[in-house]
Amino acid sequence: MAVTVPDGPALNAGIWKLYREFFELAERRRRWVLETDVPWDQCNPNTPPEIADVVESFCAVELFLPDFVGKALPMARTVRGRAWFLANWGYEESKHSLVLQEWLLRSGARTENQLEEVANWAVVGEWQLPQDDVRGMTCYTMCQELATWLHYRNLRLLLGNTDPALNKILSLISIDERAHYDFYVKVMKLHLADDRAGTLEQLKRVLNGFAMPVTHLLADSARRTAAVKNMNIFNEALFYSDVLVPILTTLGIDKAELRNRALQKKSLPPTTPR
């Protein structure tokens, strides 16, 4: 894989400034503690099994954290803002994995042995980066973070108040995912200011072929992705209306800039989040 860093000094300085703002805001407002910030005594043992299955799928995707961080860091290691963000991102995603596993246990939806089985089969395959440079990965990860937020938000809406513990967990994770997306939006704006034509070309390629990471590597992936689609948590129409269109609006990109053919609704496989 080519490790290319197209950033110049001004862009690197801008990314570092964004990371410092991201980190300081997270420290003041967004940090949460697994043991004390979730009402564990309000786990509902009667939460429908189909909800627990989706939570298990989300948890399994999070187990690919070594691939996500380990493969992205070498590409970004010479740019401090990118590298430090990835380290912080990995910490936050590890918490997501832990808190989802904890709910599966405390709700009685899964046993320790069952979760150990998930940990074993979830990482048999190895995930590869979908883009080969940092700007392409910025385009991809921005889309992926908003799509991930959408998964958690929609599962929370589906759940309602039937399980206060899981409701709180999904809220905490959703806030984190939205913060990750906001960071990448700001980095994308720097790229657009630095090289609008080149950045738009990479964004177009990402949108045309977008798929959530690693879901094809999960055991029984077809059933899992079908469940997410059938529960209206994520599908191609939601990707278009709640991911693609808001991104273009937020970045101030007119659809004509990406050519109309790049904005057709794609027949994307419904997927679970990272």
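From a predicted model like this one, the values you see are computed outputs, not experimental measurements.

**Section: the packing of helix α6 (residues 134–159) against helix α8 (residues 196–208)**
Here is step 1 of the chain: Interaxial distance between α6 and α8 falls to 9 Å at its minimum, and their mutual angle equals 50°. Comparing the axis directions of α6 and α8 gives the class oblique. Between α6 and α8 lies a crossing of right-handed hand. Within the contact between the two elements, α6 uses Arg135, Gly136, Cys139, Tyr140, Met142 and Cys143 and α8 uses Gly198, Thr199, Gln202, Leu203, Val206 and Leu207.
Here is step 2 of the chain: By residue class, the composition of the contact of α6 with α8 is seven nonpolar, four polar and one charged.

**What about the confidence of the model for the protein chain?**
Here is step 1 of the chain: Averaged over all residues, the pLDDT of the protein chain equals 90, while 92% of them reach at least 70.
Here is step 2 of the chain: Confidence drops under pLDDT 50 across residues 1–5; counting only partners more than four residues distant or on other chains, this segment forms 15 contacts.
Here is step 3 of the chain: Confidence over residues 260–272 falls short of pLDDT 50; this stretch has 35 contacts with residues more than four positions distant or in other chains.

**Concerning the nonpolar core**
Here is step 1 of the chain: Formed by 86 residues in total, the largest nonpolar core has its most connected members in Val99, Leu100, Trp103, Met142, Phe183, Leu203 and Leu251.
Here is step 2 of the chain: Sort the elements by how many residues they give to this core and helix α7 (residues 164–194) lands first, with 14 residues.
Here is step 3 of the chain: The residues touching leucine 251, leaving out its near neighbours within four places in the chain, are Met142, Val185, Met188, Lys189, Leu192 and Leu203.

**Quick word on the packing of helix α3 (residues 65–76) against helix α4 (residues 80–106)**
Here is step 1 of the chain: The geometry of α3 relative to α4 is characterised by a closest axis approach of 9 Å and an angle of 175° between their N-to-C directions. By the angle between their directions, the pair α3 and α4 is classed as roughly antiparallel. Between α3 and α4, the residues in contact are Leu65, Phe68, Val69, Ala72, Leu73 and Ala76 and Arg82, Ala83, Leu86, Trp89, Gly90, Glu93 and Ser94, respectively.
Here is step 2 of the chain: Along the lines of polarity and charge, the residues of the contact of α3 with α4 split into nine nonpolar, two polar and two charged.

Cut-offs used in this document
Residues numbered from 1 in each chain as written. Predicted model: local features only at pLDDT ≥ 70, side-chain atom pairs only at ≥ 80, totals over all residues. Heavy atoms only, no water. Axes fitted to C-alpha atoms, helices over the stretch in contact; angles between N-to-C directions. Helix = DSSP H or I, 4+ residues; strand = E, 2+ residues; numbered from the N terminus. Parallel < 35°, antiparallel > 145°, perpendicular 65-115°, else oblique. Left-handed = near helix turned anticlockwise from the far one by under 90°. Contact = heavy atoms within 4.5 Å. Nonpolar A, V, L, I, M, F, W, Y, C, P; charged D, E, K, R; others polar. pLDDT = per-residue confidence, 0-100. Core = buried A, V, L, I, M, F, W, Y, C linked by side-chain atoms within 4.5 Å. Buried < 20%, exposed > 50% of the residue type's maximum accessible area, 1.4 Å probe, protein only.

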